[in-house]
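Coordinate analysis (summary)
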Amino acid sequence: MALADTVTLVTGGSRGVGRGVAVSMAETGSTVYATGRAVGDADLPPDVIRVPCDHTDDAEVERVFARIDARHGRIDHLVNNAWGG
């Protein structure tokens, strides 16, 4: 499946399942945004766009979506993996 012209947002993309999905989607050619509180230090490929975000803060979440909308006007795939606990 060619995903080269898609935009993906992976919340909780710093580690674990979220990291794995972010890496896999990037390998398919999708433009990937990964969020998380510690995403800046995450072991992710350089083409994954890291956006620090505490998903328990609604204003931070809104900024993530606004950033992606301003750049691409859409999100094709949302992997909602963040956990606030």
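Thresholds applied
Residues numbered from 1 in each chain as written. Predicted model: local features only at pLDDT ≥ 70, side-chain atom pairs only at ≥ 80, totals over all residues. Heavy atoms only, no water. Helix = DSSP H or I, 4+ residues; strand = E, 2+ residues; numbered from the N terminus. Rg over C-alpha atoms; globule rule 2.2 N^0.38 Å. Buried < 20%, exposed > 50% of the residue type's maximum accessible area, 1.4 Å probe, protein only. Contact = heavy atoms within 4.5 Å. Areas by Shrake-Rupley, 256 points an atom, 1.4 Å probe, with all protein chains shown as cover. Expected span 1.5 Å × (residues − 1). Arc of directions from axis to C-beta.

What follows concerns the overall build of the protein chain. Per the secondary structure count, the protein chain includes 2 helices and 4 strands. The secondary structure elements of the protein chain, listed N-terminal to C-terminal, are β-α-β-β-α-β. Taken against the 2.2 N^0.38 rule, which gives 12 Å for 85 residues, the C-alpha radius of gyration of the protein chain at 12 Å falls within 12% of a compact globule. Counting only residues that meet the buried cut, the protein chain has 35% of its 85 residues in that class. Considering only contacts within the protein chain whose residues lie at least 6 apart along the sequence, 51% involve residues at least 24 apart. Surface exposure of the protein chain reaches about 5000 Å², of which carbon and sulfur atoms provide 49%.

Right, let's talk about the side chain of Ser30 for a bit. Here Ser30 is to be found in the loop between α1 (16–27) and β2 (31–36). Residue Ser30 is classed as buried on the basis of its relative accessible area, which comes to 6%. In this structure Ser30 touches Leu3, Ala4, Thr6, Val7, Thr8 and Met25, once residues within four positions along its chain are discounted.

Before going further, it helps to spend a moment on α1. Compared with an ideal rise of 1.5 Å per residue, which puts 12 residues at 16 Å, α1 spans 17 Å between its outermost C-alpha atoms and is within 8% of the ideal. Taken together, the buried positions of α1 are Gly18, Ala22, Val23, Met25 and Ala26. Taken down its axis, α1 places every buried residue within 165° of arc, on the same side. Turned more than 90 degrees from where α1 packs its buried face, Gly16, Val17 and Glu27 sit exposed. Residues of α1 that are buried sit in contact with β1 (7–11), β2 and β4 (77–80). With its phi angle positive at about 105°, Gly29 sits one or two positions after the end of α1.

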